[in-house]
Amino acid sequence: ANRFPNVLMLNTDGNFKYIDAPYIHIKDEVTVEGHMAKRKFAWDVFKETILELEKGDNTFETIVVDLLEDTYEHCRVWCYDHLGIEHESDNSFKAWDFVRNEFLTQIKRLNNLNYNIVFISHEDDSKDVTKKSGDKITAIQPNISGKVALKVAGMVDIVGRVINDEGKRTISFKSNE
């Protein structure tokens, strides 16, 4: 992703030391004024970044979100603070939808911009699926909750899986066992 044309990396996991492209570190920002600490949530940083990108006053062609699941977690924490809860189950009638809708609204805003958008996610291979034939295979999917993953999958044009086999990286664009 670092080699895509005119790329801006929106990095959540601090791995920007491995890239030379421009990046924005999506993380909580804490500032101190006198004896008071002020916290700006990572989700606010992400939303402000989208707002700046919407202005189109740059030469970027590609925006990479690395990692999508961290961005979702930043959204969850922001929503908890907004709703005054500690977990979605604390207000289950409202909170689950609130988090999902907040996240997907911002991802749609980003995805509707005139850039190539790349979402990077680690994989979750913890689920086994039984085929009609009775064979069991491991399901490989993004490391993000099912309903959100399905919605994001509907927004993308192509899905690739990077496979690291003893230091040799390849990209697979179709599923196989």
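In what follows, the structure referred to is the one given above.
Residues numbered from 1 in each chain as written. Predicted model: local features only at pLDDT ≥ 70, side-chain atom pairs only at ≥ 80, totals over all residues. Heavy atoms only, no water.

Asker: What is the right way to read the overall build of the chain from this model?
Answerer: Along the chain, the regular secondary structure elements total 4 helices and 10 strands. Projecting the C-alpha coordinates of the chain onto the three principal axes gives extents of approximately 65 × 45 × 30 Å. A separation of at least 24 residues holds for 51% of the contacts in the chain among residues at least 6 apart in sequence. Carbon and sulfur atoms make up 49% of the accessible area of the chain, which amounts to about 11900 Å² in all. Looking at the chain, you have 23 positive and 30 negative side-chain charges, and the mean spots of the two groups are 4 Å apart. (Helix = DSSP H or I, 4+ residues; strand = E, 2+ residues; numbered from the N terminus. Contact = heavy atoms within 4.5 Å. Areas by Shrake-Rupley, 256 points an atom, 1.4 Å probe, with all protein chains shown as cover. Lys, Arg positive; Asp, Glu negative; His and termini not counted. Charge placed at Lys NZ, Arg CZ, Asp CG, Glu CD.)

Asker: Please explain unusual backbone geometry as it appears in this structure.
Answerer: The phi torsion of most residues other than glycine is negative, and most of the peptide bonds are trans. In this structure, the amide linkage connecting Asp66 to the following residue, Leu67, adopts the cis form with an omega of 25°. Tracing the sequence through the fold places Leu67 in the loop between β5 (62-66) and α2 (68-83). At Asn6, a residue that is not glycine, the phi angle is positive and equals roughly 45°. For Asn6, the location among the structural elements is in the segment before β1 (7-11). By relative accessible area, Asn6 is classed as partly exposed at 40%. The phi dihedral of Glu166 is positive, around 55°, even though this residue is not glycine. (Buried < 20%, exposed > 50% of the residue type's maximum accessible area, 1.4 Å probe, protein only.)

Asker: Where do I start with the side chain of Glu88 in this structure?
Answerer: Following the sequence through the fold, Glu88 ends up in the loop between α2 and α3 (95-111). Relative accessible area serves as the criterion here: at 0%, Glu88 is assigned to the buried category. Separated by 2.6 Å, the side chains of Glu88 and Tyr80 make a polar contact. What Glu88 contacts, discounting residues up to four positions off in sequence, is Arg76, Tyr80, Ala95, Trp96 and Val99. (Polar contact = N/O pair within 3.5 Å; in protein donor to acceptor, adjacent residues only side chain to side chain.)

Bear in mind that shape data such as this cannot, by itself, settle questions of function.
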